[in-house]
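Listed here are the chains, written in short residue letters.
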Amino acid sequence: MTDMRDEVLEQFADFTGHEADGLWSAPGRVNLIGEHTDYNGGFVLPFAIDRRTLVALGTREDGMLRVASTFSDEVVELPLGDLAAAQAAGQLRGWAAYPLGVAWALGAVGADLAAVPGADILIDSNVPVGAGLSSSAAIESAVALALNDVWQLGFSRETLARVGQRAENDAVGAPTGIMDQSASLLGAQDAAVFLDCRSLDARVVPLGFEAAGLTILVMDTGVQHAHSTGGYGERRASCEAGAAALGVETLREISIDELDRAGRLLDDVTFRRVRHVVTENQRVIDTVALLESTGPATIGSLLDASHRSLRDDFEVSVPELDLAVETALDNGAIGARMTGGGFGGAAIALVPIEGVSRLQVAVDGAFAEHGFGVPTTFTVRPSAGATRES
Ligand code: GLA
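Computed from a predicted structure; not experimentally measured.

A. Just unusual backbone geometry, in detail. Positive phi outside glycine occurs at Asp190, with the angle close to 55 degrees. At Phe343, a position not held by glycine, the phi torsion is positive, near 65 degrees. Mapped onto the elements, Phe343 comes out in the loop between β9 (335-338) and β10 (346-352). Phe343 sits in the partly exposed class, given a relative accessible area of 25%.

B. Structural context of the site of the ligand. Close contacts around the ligand come from Arg29, Glu35, His36, Asp38, Tyr39, Thr176, Gly177, Met179, Asp180, His227, Tyr232 and Gly341, and that covers them all. Between the ligand and Asp180 there is a distance of 2.5 Å, counted from an oxygen atom to a side-chain nitrogen or oxygen. Within the complex, 96% of the 310 Å² of free accessible area of the ligand lies under protein. Split into classes, the residues belonging to the shell around the ligand amount to three nonpolar, five polar and four charged. Two domains each put at least three residues into the shell around the ligand: domain 1 (2-204 + 384-388) and domain 2 (208-380).

C. Fine view of the packing of aromatic side chains. Applying the stated criterion across every chain, the model contains six aromatic pairs. Here Phe71 and Trp95 contribute two aromatic rings whose centre-to-centre distance is 5.8 Å and whose plane-to-plane angle is 80 degrees, an arrangement assigned as edge-to-face. In this pair, Phe71 sits in the loop between β3 (64-69) and β4 (72-79) while Trp95 sits in the loop between α2 (83-88) and α3 (97-108), placing the two residues 24 residues apart along the sequence. Accessibility expressed as a relative area gives 42% for Phe71, which makes it partly exposed. Note on Trp95: relative accessible area 13%, which makes it buried. Ring geometry for Phe367 and Phe372: centres 5.7 Å apart, planes at 75 degrees, overall edge-to-face.

D. Representation of the sheet that holds strand β11 (residues 376-380) in the model. What the four strands build is an open sheet, ordered β9-β10-β8-β11; its pairing is antiparallel. With one partner strand each, in any of the chains shown, β9 and β11 form the two edges of the open sheet. Averaged over all pairs of adjacent strands, the angle between strand axes in this sheet comes to 20 degrees, irrespective of strand direction. Here seven bridges tie strand β8 (residues 214-220) to β10, and the two strands are oriented antiparallel to one another. Residue Met219 lies in a different strand from β10, and its bridge partner there is Ala347. Sheet strands in contact with helix α12 (residues 356-369) are β8, β10 and β11, and its direction is about 15 degrees off that of β8.

E. Geometry of the side chain of Arg273. Following the sequence through the fold, Arg273 ends up in helix α9 (residues 268-293). Dropping the residues within four chain positions of it, Arg273 is found in contact with Arg235, Ser238, Asp313, Phe314 and Glu315.

F. Here's a closer look at the nonpolar core. In terms of nonpolar packing, the biggest core is built from 51 residues, with Leu57, Leu83, Leu147 and Trp151 touching the most fellow members. Residue contacts for Trp151: discarding those within four places in its chain leaves Leu65, Leu80, Ala103, Leu106, Leu113, Val116 and Pro117. Ranked by size, the runner-up nonpolar core spans 36 residues in total, among them Ala243, Val274, Leu321 and Ala333.

G. Broad picture of the packing of helix α4 (residues 135-150) against helix α5 (residues 157-172). Viewed as axis vectors pointing N to C, α4 and α5 meet at an angle of 125 degrees, and their least axial separation amounts to 9 Å. The orientation of α4 relative to α5 falls into the category oblique. Between α4 and α5 the crossing geometry is right-handed. Residues Ser136, Glu140, Ala144, Leu145 and Asn148 of α4 form the contact with α5, whose own contacting residues are Arg157, Leu160, Gly164 and Glu168. Of the residues contributing to the contact of α4 with α5, the split by class is three nonpolar, three polar and three charged.

H. Summary view of a negative patch on the surface. Taken together, the side chains of Asp3, Asp6, Glu7, Glu10 and Asp14 define an acidic patch exposed on the protein surface. Among the secondary structure elements, Glu7 is positioned in helix α1 (residues 2-16). By relative accessible area, Glu7 is classed as partly exposed at 45%.

I. Inspection of the pairing of strand β1 (residues 22-33) at higher detail. Where burial is concerned, most of β1 is hidden: 12 out of the 12 residues are buried. With 10 bridges joining them, β1 and strand β2 (residues 43-60) adopt antiparallel strand pairing. Among the inter-strand pairings, Trp24 is bridged to a residue of β2, identified as Val55. As judged from the two bridges shared by β1 and strand β12 (residues 387-388), these two strands associate in the antiparallel manner.

J. Structural context of the environment of Arg66. Summarising the element assignment, Arg66 is placed in strand β3. Look at Arg66 and you get buried, because its relative accessible area is 16%. Discounting chain neighbours no more than four positions away, the residues touching Arg66 are Phe15, Thr16, Arg60, Val75, Val76, Glu77, Ala119, Asp120 and Ile121. A polar contact is formed between the side chain of Arg66 and the backbone oxygen of Phe15, at a distance of 3.4 Å.

Quick notes on the rules
Residues numbered from 1 in each chain as written. Predicted model: local features only at pLDDT ≥ 70, side-chain atom pairs only at ≥ 80, totals over all residues. Heavy atoms only, no water. Helix = DSSP H or I, 4+ residues; strand = E, 2+ residues; numbered from the N terminus. Buried < 20%, exposed > 50% of the residue type's maximum accessible area, 1.4 Å probe, protein only. Near = heavy atom within 4 Å. Polar contact = N/O pair within 3.5 Å; in protein donor to acceptor, adjacent residues only side chain to side chain. Areas by Shrake-Rupley, 256 points an atom, 1.4 Å probe, with all protein chains shown as cover. Nonpolar A, V, L, I, M, F, W, Y, C, P; charged D, E, K, R; others polar. Domains from an automatic or database assignment. Phe/Tyr/Trp six-rings, centres within 6.5 Å; stacked < 30°, edge-to-face > 60°. Pairing = 2+ DSSP bridges. Axes fitted to C-alpha atoms, helices over the stretch in contact; angles between N-to-C directions. Contact = heavy atoms within 4.5 Å. Core = buried A, V, L, I, M, F, W, Y, C linked by side-chain atoms within 4.5 Å. Parallel < 35°, antiparallel > 145°, perpendicular 65-115°, else oblique. Left-handed = near helix turned anticlockwise from the far one by under 90°. Patch = residues over 30% accessible without salt bridge, like charges linked within 9 Å, V, L, I, M, F, W, Y side chains within 5 Å. Salt bridge = Lys/Arg side-chain N within 4 Å of Asp/Glu carboxyl O. Lys, Arg positive; Asp, Glu negative; His and termini not counted. Charge placed at Lys NZ, Arg CZ, Asp CG, Glu CD.

Below you can see the structure in the form of structure tokens.
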């Protein structure tokens, strides 16, 4: 990270000809449990990881926003005064839609964009893209925190999470929930964020993986997914249709006891979507209770049940994710599940530290045997949320 920080500051100086005003960072996340519950007003339990996006930023007097990154040659420029029109016309596109979308969304939640200076923004990241580890939320959270500081807006981290979500929903066009940005902004070392997505109450829950001799192995299938197209929006629509048919605002209002009634009222597919969400909410509550009583070694069966529910009821897994999970469970993992929105991306395994290499070899072998693409596996540490670095 130190090297990466120095490099970004040097690149900023090359890009602008002067020093940055500061450096900010925000992490990607792994969702431990609570999948496809956030946009249903439910519970989630993600943690911030030790993979981060860095943002070097310096203000400018001419009212221009200029964004550059280490992952693209493109430099995108836009006067602050044109942001709202560009957003409304759907002109914020590609990777620049994330930082520019955040600047626009800060205006949408009340910042006076006519009264703030322009900015040069340089972005670097080691959060893998397309792995379901929220590389986009890491960019949004780092940029939101940086602009909040230099523009002296004084928004809370909860508001900045909503700003990131609005950028994602209204500028990028992905109808995602509030989980990823909340994890990135509210995460803490060695802990998960227990978030109630209805009230937005958040509580940090210690994980204690290392003390228990455990770690999380991420198994990135390499299967690319995008939530601005396809299945994600369709699943969200099914959940909303299910809630409407059951006469509630969100599926959060439905308890496990009410599933029998739901089964009589709903068609089979909608019922299974609803059953996933309702049972997943309970699994999050149960996971928190176990973490706080018997510790992380006892949550494995809840992770497994979450995966089965996502595979069979919500149908957002893919054969590569299922294989990663099965291989993990056959090779010493305590529990395993896909993480993130699905349709590709990564699975996680909770595994004894000394069993990591064996599991990595097993996953590589299983993917080769099935003729799947080469997976990437690495451990992650529950880490601090977004911060000003310098
Ligand atoms: C993606 C979205 C989140 C959440 C998950 C599924 O990561 O960005 O808001 O809905 O999918 O749990």
